[in-house]
There are 2 protein chains.
Amino acid sequence: MKRKVSLKDIAQHVGVSTALVSYVLNNQEKEKRVGEEMAARIRKAAGELNYQPNQIAKSLKSGKTYTIGLIVADISNPYSANIARIIEDEAKRNGYTVIFGSSDENADKSWDLINVLLNRQVDGFIIAPSEDSESQILYLKENNIPVVLIDRYFPSVPANYVAIDNCKAAYEAVMHLIRNGYRRIGMITYKTKLFHLQERVKGYQKAIEDSNLLDDQSLIKEARESNLKEEVQQQIDELLSLSEPIDALFFASNKLAVNGLKHIKNLKIMVPEKLAIVGFDETEAYDLYHCPITYVKQPMLELGRSAVKLLLDVIKDDSVKDISNLDTELIIRESSGNKK
Amino acid sequence: MKRKVSLKDIAQHVGVSTALVSYVLNNQEKEKRVGEEMAARIRKAAGELNYQPNQIAKSLKSGKTYTIGLIVADISNPYSANIARIIEDEAKRNGYTVIFGSSDENADKSWDLINVLLNRQVDGFIIAPSEDSESQILYLKENNIPVVLIDRYFPSVPANYVAIDNCKAAYEAVMHLIRNGYRRIGMITYKTKLFHLQERVKGYQKAIEDSNLLDDQSLIKEARESNLKEEVQQQIDELLSLSEPIDALFFASNKLAVNGLKHIKNLKIMVPEKLAIVGFDETEAYDLYHCPITYVKQPMLELGRSAVKLLLDVIKDDSVKDISNLDTELIIRESSGNKK
DNA sequence: AAACTTTGCTTAATCGTTTAAGCTGTTCAA
DNA sequence: TTGAACAGCTTAAACGATTAAGCAAAGTTT
């Protein structure tokens, strides 16, 4: 690799010290009293030699890398990829670049990633924390490393976060089903301690209670990420073969919904006539289902942008802001239509 | 932010020079003849102080950042996100991290990104090049900056690349339709000069010719990325209202296919009875369509991994390897079933 | 003309590492 | 008892930038 042009090269080329070159190229000519003619010569040389400052050297000196570490569950998941894209754009708009890593919902991997990124001196983190990673967030906070949580957070860990009101979102989704005449509503979620998913269950339960429906715990099924496809299939089978089978099904994520819908399609169950469906989060797959799926839509743009803005604020003045939960929107389509 | 522990801190703590600490922590104690007891004390101190080396400083010294710059069209696109994830994993396995950027198929943005990443001293690039970005690749090559192109390449620009044989893949997809009895096969592609998409058209045409079907240019439609939804709809309408309408449709990408399928669903056209469909690239959306879509599957894992391996080879010894085109697989499902 | 002030530049330290070169003291062969 | 060989450490320069401090020459004030 051809060695890059450095400040020194310009200095030698013009016949001055590197200090002068640095002043001029950082537009400090006025404050630092650099001669007009000299400044012009330096700028000209920098242009001719196509000088590009070495950010690594700058970073070492300044202690700032203008880099954000982004840790998501899995960058190949549409939800993560979407957020990543928005964060990328907002970061770029502010002169930051993004280094990312996928934790696979695994606390060990997440810890690894945090360390790798810390060693690369990221200025701060945006993290969608995985289960059992409370201590990692605490560690960052204790060391005064700027962090903003996104999508999820731990009620036990005081930290800046940007998220939706999951309980409310689930509540509204289920209430919508109830209003449309459904009475036996099943829910499929992940087997996890993650607070935001617990909240979705809580919202579901609150809607059931508020509507004086039978609060039947056996209607709530928990699938494990590791064996998702099989467990979702089995759980749908169970929900459908109850003595009082379900007439509606609420999925706690788009991945769960897509897996479930494949099975429901194979079973040739009429949606929404026999079974109404509401999903969580967007995916283009919802549109291709024979009857478009109703789903809870998160304000992705706002989530991503707020996360970056909040992080940059924290990086700037280290103060803890708080962010209110963002509102979701229920996109109502045919899959949750009125019960015949 | 609490200042991090540096080599100097350890040195002072133990009462030795930083050089010694560096030798020990880099496991050069034998070569550099460091006393056993001393080495142990240094290691102990490093552990107690929780020393983490500053990669920025290392990079400045070594000229290596162990960072790969990844430029894709759009990280929120499932194809890009998938590749990104594979690249991330393979990079991590080799001690590299990934900085990414989305070019939005725009040469100016791509040039911006290259410069930003160059200033951050990435050791090399993996790029899915956008239209009209030949000069950028040439620039990198001229400056001996390691680059590997992925998914796409320019026949006019000699460069390392990892890609599939797009012509062959399209040929096989269309031949499959022909073998199943379809005769009027339309194709929807992007309006672009990008070689890999031209190749897909070429493969389509070759299949038509080899089968002695009517080579009708009006069956090939080109939609513009900027106005995709509307143009795809209109073009499907056109293809269906020809005096001799199409009985099969080949989409050059998954994004085109998903947009097209939404329209076809709204038109209530029976697939594959009235219209057979073959798509390009995977998406979970294909599975939820009432009749699962046949598609060309790229060997994503191999593409991503080969790209990283090739790049690391180039970084190591600067020699130009060549990579053969990888094979695709046609995943045959109901949407291209035998013509009744 | 002496005493400041201003202008326009240079010097050198610094960030946290790496690493070639040098310095001391011990051991051992001749 | 001299000096070569070696073990075990330190010194200092370097990577490429930033920036406080200093210095010489010219200009201004009294």
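Residues numbered from 1 in each chain as written. Chains lettered and ligands numbered in written order. Predicted model: local features only at pLDDT ≥ 70, side-chain atom pairs only at ≥ 80, totals over all residues. Heavy atoms only, no water.

The next point concerns the UniProt feature "domain: HTH lacI-type" (unreviewed entry) in chain A. This chain's UniProt record puts "domain: HTH lacI-type" (unreviewed entry) on residues 5-62 of chain A. The distance from the first to the last C-alpha atom of residues 5-62 of chain A is 20 Å, and the span holds 64% helix and 0% strand. (UniProt positions renumbered as here; feature names shortened; annotations may be inferred. Helix = DSSP H or I, 4+ residues; strand = E, 2+ residues; numbered from the N terminus.)

Near DNA strand C lie 26 residues; those nearest to it are R33(A), G35(A), K61(A), L7(B) and S22(B). For DNA strand C, a phosphate oxygen lies 2.7 Å from a polar atom in the backbone of L7(B). Measuring from a base oxygen of DNA strand C, one finds a side-chain N or O atom of K61(B) at 3.2 Å. Where the surface near DNA strand C is concerned, the elements lending two or more residues are α2 (18-25) and α4 (55-62) of chain A together with α2 (18-25) and α4 (55-62) of chain B. Considering only residue class, the surface near DNA strand C consists of 12 nonpolar, 8 polar and 6 charged. (Near = heavy atom within 4 Å. Polar contact = N/O pair within 3.5 Å; in protein donor to acceptor, adjacent residues only side chain to side chain. Nonpolar A, V, L, I, M, F, W, Y, C, P; charged D, E, K, R; others polar.)

When we look at burial in α4(B), the residues that qualify are Q55(B), I56(B) and S59(B). The buried residues of α4(B) occupy an angular sector of 100° when projected down its axis, which confines them to one face. Its buried side turned inward, α4(B) meets α4 and α6 (107-119) of chain A. You can read the cap of α4(B) off the contacts: a side-chain oxygen lies 2.7 Å from the backbone nitrogen of I56(B), and it is on N54(B). With its phi angle positive at about 75°, G63(B) sits one or two positions after the end of α4(B). (Buried < 20%, exposed > 50% of the residue type's maximum accessible area, 1.4 Å probe, protein only. Arc of directions from axis to C-beta. Contact = heavy atoms within 4.5 Å.)

Size it by volume and the second largest pocket reaches roughly 1,200 Å³. What lines the second largest pocket is a set of 44 residues, among which K4(A), V5(A), Q52(A), N54(A) and Q121(B) lie closest to the centre. Secondary structure elements with two or more residues in the lining of the second largest pocket: α1 (7-14), α2, α3 (36-48) and α4 of chain A together with α4, α6 (107-119) and α13 (300-317) of chain B. Per-element accounting of the lining of the second largest pocket gives the leading share, 4 residues, to α13(B). Tallied by class, the residues present in the lining of the second largest pocket amount to 18 nonpolar, 16 polar and 10 charged. (1 Å grid on protein atoms, 1.4 Å probe; cavity = no way out; pocket = protein on both sides within 12 Å on 5 of 7 lines; lining within 4 Å. Points joined across faces, edges and corners; volume = space filled by probe spheres on them.)

The next thing to look at is the domain arrangement of chain A. Residues and elements named next belong to chain A. Here chain A is partitioned into domain 1 (7-53), domain 2 (65-164 + 301-326) and domain 3 (166-297). Relative placement of domain 2 and domain 3: their C-alpha centres are 29 Å apart. In this complex, domain 2 contributes 13 residues to the contact, which on the side of domain 3 involves 10 residues. Counting each side, the surface lost to burial between domain 2 and domain 3 is near 1,000 Å², with a carbon and sulfur contribution of 57%. When the area that domain 2 buries against domain 3 is broken down by residue, the three leading residues are E131, R152 and I164, summing to 44%. In this assembly, domain 2 and domain 3 are joined by 1 salt bridge. (Domains from an automatic or database assignment. Buried area = accessible area lost by both parts, 1.4 Å probe. Salt bridge = Lys/Arg side-chain N within 4 Å of Asp/Glu carboxyl O.)

Here the focus is the interface of chain A and chain B. The partner chain B presents 62 residues to the 61 residues of chain A that form the contact. A buried area of about 5,300 Å², summed over both sides, lies between chain A and chain B, and 56% of it is on carbon and sulfur atoms. Remark: the boundary between chain A and chain B carries 6 salt bridges. Among the salt bridges present, the one from R85(B) reaches D74(A), with a minimum N-O distance of 2.8 Å. On the surface where chain A and chain B come into contact, there are 26 residue pairs in polar contact (both at pLDDT 80 or more). If you list the elements that add at least two residues to the side of chain A that touches chain B, you get α4, α5 (78-93), β2 (97-102), α6, α7 (134-142), α11 (254-266) and α12 (285-288) of chain A. For the side of chain A that touches chain B, the class distribution of residues is 26 nonpolar, 20 polar and 15 charged.

Relative to the helices and strands, S102(A) is located in strand β2. Among the residues examined, S102(A) registers a relative accessible area of 2% and is labelled buried. Every residue in contact with S102(A), bar those within four places of it in the chain, is listed here: V72(A), A73(A), D74(A), I75(A), L113(A), R85(B) and E88(B).

Residue and element names in this part refer to chain B. Strand order across the open sheet formed by 6 strands is β7-β6-β8-β9-β10-β11, with mixed pairing between neighbours. The strands lining the two open edges of the sheet, one partner per strand, are β7 (220-223) and β11 (329-331). The mean inter-strand angle of the sheet, taken between neighbouring strand axes irrespective of direction, is 20°. Seen against the sheet, helix α8 (residues 166-179) touches β6 (185-190), β8 (248-251), β9 (276-280), β10 (294-297) and β11 and runs at an angle of roughly 165° to β9. (Pairing = 2+ DSSP bridges. Axes fitted to C-alpha atoms, helices over the stretch in contact; angles between N-to-C directions.)

With that out of the way, let us pick up the sheet that holds strand β8 (residues 248-251) of chain A. To summarise the sheet geometry, strands pair through backbone hydrogen bonds and adopt either a parallel or an antiparallel arrangement. All names here are of chain A. The mixed open sheet is built from 6 strands, whose spatial order is β7-β6-β8-β9-β10-β11. For this open sheet the edge positions go to β7 (220-223) and β11 (329-331), each flanked by a neighbour on one side alone. On average, each strand axis in the sheet is tilted by 20° relative to the strand beside it, whichever way the strands run. The pairing of strand β10 (residues 294-297) with β11 spans 3 bridges and is antiparallel.

Bringing the pairing of strand β1 (residues 67-72) of chain A into the picture now. Walk down a regular strand and you will see the side chains alternate between the two sheet faces. Residues and elements named next belong to chain A. Among the 6 residues in β1, 6 count as buried, and that is most of the element. Across 6 bridges, β1 lies against β2 in parallel orientation. Its bridge partner lying in β2, I68 is registered against V98. Taken together, β1, α5 and β2 constitute a β-α-β crossover, and its handedness is right-handed. Alignment of β1 against strand β3 (residues 124-127), held across 4 bridges, turns out to be parallel. From the neighbouring strand, I71 faces β3, where its bridge partner is I127. (Right-handed = clockwise from strand over helix to strand, strands pointing away.)

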